[in-house]
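# Summary of structural features
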Amino acid sequence: MSDVFPPDTPRDDPDRFIRCQEAMHIGFAAFVDRAVAAGWNADEVLTAIIELADNHALMLASNADLDAALDVLRRGGK
């Protein structure tokens, strides 16, 4: 993907989520266009992206749970 602009709003700003989407939109659209140009249809590409995003979110959550469990073990189960 092309460059993604960094956040320009604080974490508690109500517009932060939409600003994140705006920052990623051009690169995302270009990524979808490249996949379609490679021969995938747009529905396949978008469905695959949704599935990839879901799986990635599950992986991040699982890693966070594992890190928390390891921290407990390192502290002697306390």
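We now turn to the structure provided with this report. Please read these numbers as outputs of a predicted model, since none were measured by experiment.

## Brief notes about the packing of helix α1 (residues 16-37) against helix α2 (residues 42-74)
- The contact between α1 and α2 brings their axes to 9 Å, and the two run at 130°. Between α1 and α2, the angle is such that the two are oblique. Viewed along their axes, α1 and α2 form a crossing whose handedness is right-handed. Contacts between α1 and α2 involve Phe28, Phe31, Val32, Ala35 and Val36 from the first element and Ala42, Val45, Leu46 and Ile49 from the second.
- Of the residues in the contact of α1 with α2, the class split is 9 nonpolar, no polar and no charged.

## Regarding a nonpolar patch on the surface
- Residues Leu66, Leu70 and Leu73 make up a contiguous nonpolar surface patch of about 290 Å² in total accessible area.
- Take Leu66: its relative accessible area is 48%, and that puts it in the partly exposed class.

## Looking at the pattern of salt bridges
- If you walk through the whole model with that rule in mind, you get 3 salt bridges.
- Asp8 is the salt-bridge partner of Arg19, the closest N and O atoms lying 2.3 Å from each other. You can see Arg19 sitting in helix α1 and its partner Asp8 sitting in the segment before α1, a full 11 residues away along the chain.
- Since its relative accessible area comes to 52%, Asp8 is described here as exposed.
- Linking Arg19 and Glu22 is a salt bridge whose minimum nitrogen-to-oxygen distance equals 3.2 Å. One end of the pair is Arg19 and the other is Glu22, both in helix α1 and 3 residues apart, which spans about a single turn.

Cut-off values and rules
- Residue numbers run consecutively from 1 along every chain, following the written order of its sequence.
- Totals for whole chains, interfaces and linings use all residues, but because this is a predicted model, local features are given only for residues with pLDDT of at least 70 and pairs of side-chain atoms are given and counted only at 80 or more.
- As a rule here, side-chain values cover all heavy atoms of the structure and leave hydrogens and water aside.
- Structural elements are reduced to axes, namely lines fitted to C-alpha atoms, with helices fitted over the stretch in contact, and the angle between N-to-C directions of any two is expressed from 0 to 180 degrees.
- Numbering of helices and strands starts at the N terminus; helices are DSSP runs of H or I of at least 4 residues and strands are runs of E of at least 2.
- Between 65 and 115 degrees an angle is taken as roughly perpendicular, under 35 as roughly parallel, over 145 as roughly antiparallel, and anywhere else as oblique.
- Rotating anticlockwise by less than a right angle from the far helix to the near helix defines a left-handed crossing, while the corresponding clockwise rotation defines a right-handed one.
- The contact criterion used is simple: two residues touch if any of their non-hydrogen atoms lie within 4.5 Å.
- Gly is placed with the polar residues, together with every amino acid not listed as nonpolar (Ala, Val, Leu, Ile, Met, Phe, Trp, Tyr, Cys and Pro) or charged (Asp, Glu, Lys and Arg).
- Patches here: salt-bridge-free residues with over 30% relative accessible area, like charges joined within 9 Å, nonpolar side chains (Val, Leu, Ile, Met, Phe, Trp, Tyr) joined within 5 Å.
- Only the protein chains shown count as cover for residues, with accessible areas throughout obtained via the Shrake-Rupley method and a probe of 1.4 Å.
- The term salt bridge refers to a side-chain nitrogen of Lys or Arg lying within 4 Å of a carboxyl oxygen of Asp or Glu.
- Burial classes: relative accessible area under 20% of the type maximum marks a residue as buried, over 50% as exposed, and values in between as partly exposed (1.4 Å probe, protein chains only).

These figures capture arrangement, not role.
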